[in-house]
Amino acid sequence: MPIDQIPRLDRGDQSAALLREGYAFGAHRFLRSGSDAFETRLMLRRAVVAYGEEAARLLYEPDRMTRRRALPVTVLTLLQDFGSVELLDEQPHRHRKAMFMSLMTPAALTELGDLVDREWRVRTPEWAQARDVVLFDAVREVLCRAVCAWSGIPLADDEVAIRTRQFAAMVEGAGSAGPRNLRGQALRHRAERWAGQVIERIRSGDLPVEEGRPARVIAEHRDEDGRLLDVDVARVELINVLRPTVAVARYVVFAALALHQHPDCRAKVREDDEYLRWFVQEVRRYFPFFPMVGGRAREEFEWRGRRFDRGAWFLLDIYATNHDPRIWQEPADFRPERFAGWDGGPYSFVPQGGGDHDSAHRCAGEWLTISVVERAVRLLTAAMSYDVPLQDLSIDLARMPAAPASGVRISRVRPA
């Protein structure tokens, strides 16, 4: 099949196949069609699924596509929700996005890293007393404590487990249409009630929060017409700071898995800051996070000889793009050194979206993710030692979002 064509596959709806095949859904069909794009039917609607730099550029071209109706409602309400910055377009989007970008200063990210470091070191003696520790669960709690304190809403000890469970359930349920999703929705509603109370208490002065803290910035943010955000919208955006930061625990356990599977990397990341950055980027490239991101055409256009009407659905396969052999040499190999020569292109490496951070729908928290994972890798390699007992470390690519089956269990933790 010529690369400039979009073959039409699958006569029936493929929603069940997507849930069954997970991250391999696109790869199976790219291989079958011999093309980097194909048309199928999902949720009873036609969709074009594509991967690669050209496809990423198409999706992230400013104002070409909207994120409204680009995700199933059951996914949207767990990962973004109605009223969020992700569903805005043009100037309203850029105005709200600027608020999020203002939180990502080097000083702020350093402070968040320091909080992660502090919480990690406080927990390490507890881990040392335990027979073993599921790192995924432990790191989620560390990040929940740290990001809430950073945001200006430190949690009482008896509240940490509740908030951690709520934020984690939203992410875990997003790739499912069954009980996991229903549990995530139920816990999301509880988290929204709490976040709404936080916003109202900040606005009333009942909860003093230092100027510049994310919770206060969001509570006081005004839209482009000078109006305060509705409480329902403000609470969504507050959760959109907290939940994704807790979700970074998935990258941390993938990093721990990479250190275990590639022990030669351990000394390098401990001794060389540049190699540490390469290592973290390779973790983000190599391991699965979320499989796809979508958009709906705002106006009619043509691509690859196909007409996209207004509202046409386009899905970028993130996992396939980050493993595209046209971009990455030997993409199935874990090799941090590949980033020594990476040009930083905004469409070739898209673990958290592509394009420009300020104007496009690329994740505002990408720098936060990199900073937190770098700090965690330093802690794993320099602040403690541990054993990795025999366990199931496999990653089921049919499960979305994927994670090591055991959550990476460690034992005999020794603080450095």
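Shown above is the structure to which this text applies.
Undergrad: If you had to explain the overall build of the protein to someone new, which residues and values would you point to?
TA: Within the protein, the secondary structure is distributed over 16 helices and 10 strands. Relative to a compact globule of 416 residues, whose C-alpha radius of gyration would be 22 Å, the protein shows 21 Å and is just as compact. With respect to the principal axes defined by its C-alpha atoms, the protein has extents near 60 × 55 × 40 Å. Among the 416 residues that make up the protein, the fraction classed as buried is 59%. Considering only residue pairs separated by 6 or more positions, the protein has 72% of its internal contacts joining residues 24 or more positions apart. Counting only carbon and sulfur atoms, one obtains 50% of the accessible surface of the protein, whose full area is about 17700 Å². Separation between the mean location of the 60 positive side-chain charges and that of the 61 negative ones in the protein comes to 4 Å.

Undergrad: Go over the pairing of strand S5 (residues 292-297), please, and point to the residues and values.
TA: With respect to burial, S5 is a largely interior element, six of its six residues being buried. Where strand S3 (residues 65-66) meets S5, two bridges bridge the pair, whose relative direction is antiparallel. Opposite Met65, over in S5, you have Ala297 as the bridge partner. Judged from the five bridges that link them, S5 and strand S8 (residues 313-317) form a sheet pairing that is antiparallel. Paired with Gly294 across the strands is Leu315, a residue of S8.

Undergrad: How would you sum up helix H3 (residues 53-60)? Please name residues and give values.
TA: Residues Ala55, Ala56, Leu58, Leu59 and Tyr60 constitute the buried set of H3. Considering only its buried residues, H3 is in contact with strand S2 (45-50), S3, S5, strand S6 (301-303) and S8.

Undergrad: So what's going on with the environment of Leu42? Which residues, and what values?
TA: Of note, Leu42 is situated in strand S1 (residues 37-42). The class for Leu42 is buried, based on a relative accessible area of 3%. Distance from Leu42 to Ala405, taken between C-alpha atoms, is 28 Å for residues 363 residues apart in sequence. Sequence-distant contacts of Leu42, defined by excluding residues within four places in its chain, comprise Asp13, Gln14, Ser15, Leu18, Phe25, Ala47, Trp313 and Leu315.

Undergrad: I'd like a rundown of the nonpolar core, residues and numbers included.
TA: Counting 98 residues, the largest nonpolar core has Trp120, Ile153, Leu238, Phe279, Val283 and Val377 as its most contacted members. No other element matches the 11 residues that helix H7 (residues 135-151) contributes to this core. In terms of nonpolar packing, the next biggest core, distinct from the first, is built from 22 residues, Val48, Ala297, Ala312 and Phe314 among them.

Cut-offs and rules
- Residues numbered from 1 in each chain as written.
- Predicted model: local features only at pLDDT ≥ 70, side-chain atom pairs only at ≥ 80, totals over all residues.
- Heavy atoms only, no water.
- Helix = DSSP H or I, 4+ residues; strand = E, 2+ residues; numbered from the N terminus.
- Rg over C-alpha atoms; globule rule 2.2 N^0.38 Å.
- Buried < 20%, exposed > 50% of the residue type's maximum accessible area, 1.4 Å probe, protein only.
- Contact = heavy atoms within 4.5 Å.
- Areas by Shrake-Rupley, 256 points an atom, 1.4 Å probe, with all protein chains shown as cover.
- Lys, Arg positive; Asp, Glu negative; His and termini not counted.
- Charge placed at Lys NZ, Arg CZ, Asp CG, Glu CD.
- Pairing = 2+ DSSP bridges.
- Core = buried A, V, L, I, M, F, W, Y, C linked by side-chain atoms within 4.5 Å.

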